[in-house]
Amino acid sequence: MKSFIYLIVGIFFGIVMFKSEAASWFRIYEMFQFDAFHMYGIIGSALALGVLFTQWVKRGNKKSFFGEEIKISDKEKSFKRYAFGGTLFGLGWALAGACPGPMYTLLGAGFLPIIVVIIGALLGTFVYGVLKNKLPH
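Computed from a prediction, not measured in an experiment: that's the story for all the values here.

## Some thoughts on the side chain of threonine 105
Then comes step 1: Relative to the elements of secondary structure, threonine 105 occurs in helix H5 (residues 100–108).
Then comes step 2: With sequence-adjacent residues up to four places away left out, threonine 105 is seen in contact with Gly14, Met17, Phe18 and Ala23.

## Quick look at unusual backbone geometry
Then comes step 1: Although it is not a glycine, glutamate 21 sits at a positive phi angle of roughly 65°.
Then comes step 2: Looking at the secondary structure, you find glutamate 21 in the loop between helix H1 (2–19) and helix H2 (25–32).
Then comes step 3: Among the residues examined, glutamate 21 registers a relative accessible area of 35% and is labelled partly exposed.
Then comes step 4: With a phi angle near 55°, phenylalanine 34 is a residue other than glycine that sits in the positive phi range.
Then comes step 5: Here phenylalanine 34 shows up in the loop between H2 and helix H3 (38–60).
Then comes step 6: The exposure class assigned to phenylalanine 34 is exposed, which follows from its relative accessible area of 66%.

## Describing the pattern of salt bridges
A side chain with one charge may pair with a side chain of the opposite charge, provided their charged atoms come close.
Then comes step 1: Considering all chains together, one arrives at three salt bridges under this definition.
Then comes step 2: Across the salt bridge formed by glutamate 30 and arginine 27, the nearest N and O atoms sit 2.9 Å from each other. Pair noted here: glutamate 30 and arginine 27 are both in helix H2, with a separation of three residues, about one helical turn. The two residues glutamate 30 and arginine 27 agree in class, both being buried.

## Focus on the nonpolar core
Then comes step 1: Grouped together as the largest cluster of nonpolar side chains are seven residues: Met17, Ala22, Ile28, Met31, Met39, Trp93 and Cys99.
Then comes step 2: Non-local contacts of isoleucine 28, meaning those with residues more than four positions away in its chain, are made with Ala22, Met39, Trp93, Gly97 and Ala98.
Then comes step 3: Ala23, Ala98, Met103 and Leu106 belong to the second-largest nonpolar core, a separate cluster that totals six residues.

## Some words on the environment of lysine 58
Then comes step 1: Turning to its location among the elements, lysine 58 is positioned in helix H3.
Then comes step 2: For the pair lysine 58 and isoleucine 72, spaced 14 residues apart in sequence, the C-alpha to C-alpha distance is 6.7 Å.

## So, the packing of H2 against H3
The geometry of a pair of packed helices is captured by two quantities: the angle between their axes and the separation between those axes.
Then comes step 1: Between H2 and H3, whose axes approach to 8 Å, the crossing angle comes to 90°. Put simply, H2 runs roughly perpendicular to H3. Where H2 abuts H3, its residues Arg27, Ile28 and Met31 lie against His38, Met39, Tyr40 and Ile43.
Then comes step 2: Looking at the contact of H2 with H3 residue by residue, the classes come out as five nonpolar, one polar and one charged.

What counts, and at which threshold
- Residues numbered from 1 in each chain as written.
- Predicted model: local features only at pLDDT ≥ 70, side-chain atom pairs only at ≥ 80, totals over all residues.
- Heavy atoms only, no water.
- Helix = DSSP H or I, 4+ residues; strand = E, 2+ residues; numbered from the N terminus.
- Contact = heavy atoms within 4.5 Å.
- Buried < 20%, exposed > 50% of the residue type's maximum accessible area, 1.4 Å probe, protein only.
- Salt bridge = Lys/Arg side-chain N within 4 Å of Asp/Glu carboxyl O.
- Core = buried A, V, L, I, M, F, W, Y, C linked by side-chain atoms within 4.5 Å.
- Axes fitted to C-alpha atoms, helices over the stretch in contact; angles between N-to-C directions.
- Parallel < 35°, antiparallel > 145°, perpendicular 65-115°, else oblique.
- Nonpolar A, V, L, I, M, F, W, Y, C, P; charged D, E, K, R; others polar.

See below:
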């Protein structure tokens, strides 16, 4: 049952990503050229909603749909790790023209060349897993 709910939420997320043009390579390119506000508006509203929702969950002792208590632990504050990770993520996003959410949305919409990008992302995740213990955390 859990998997079915995740599938429905994922399909809904993919439809929203595609219809809002957040999966559009042109919109991503436009964002990196500072030509339009479209993507900044989507990212900014998602960030604001995420902060509000996280604070609501943290302060209200909320439970999941399945009755389990949601526990969000504090993270270690460090500038270097976020600057380095964010730079790598941004470079990958700029080179590929898509971040992880839109990659699967584009595949679902029938853009088969995105399979190369998905394989590259999975390979990068695997390499990170191999090197994780050698990296500063």
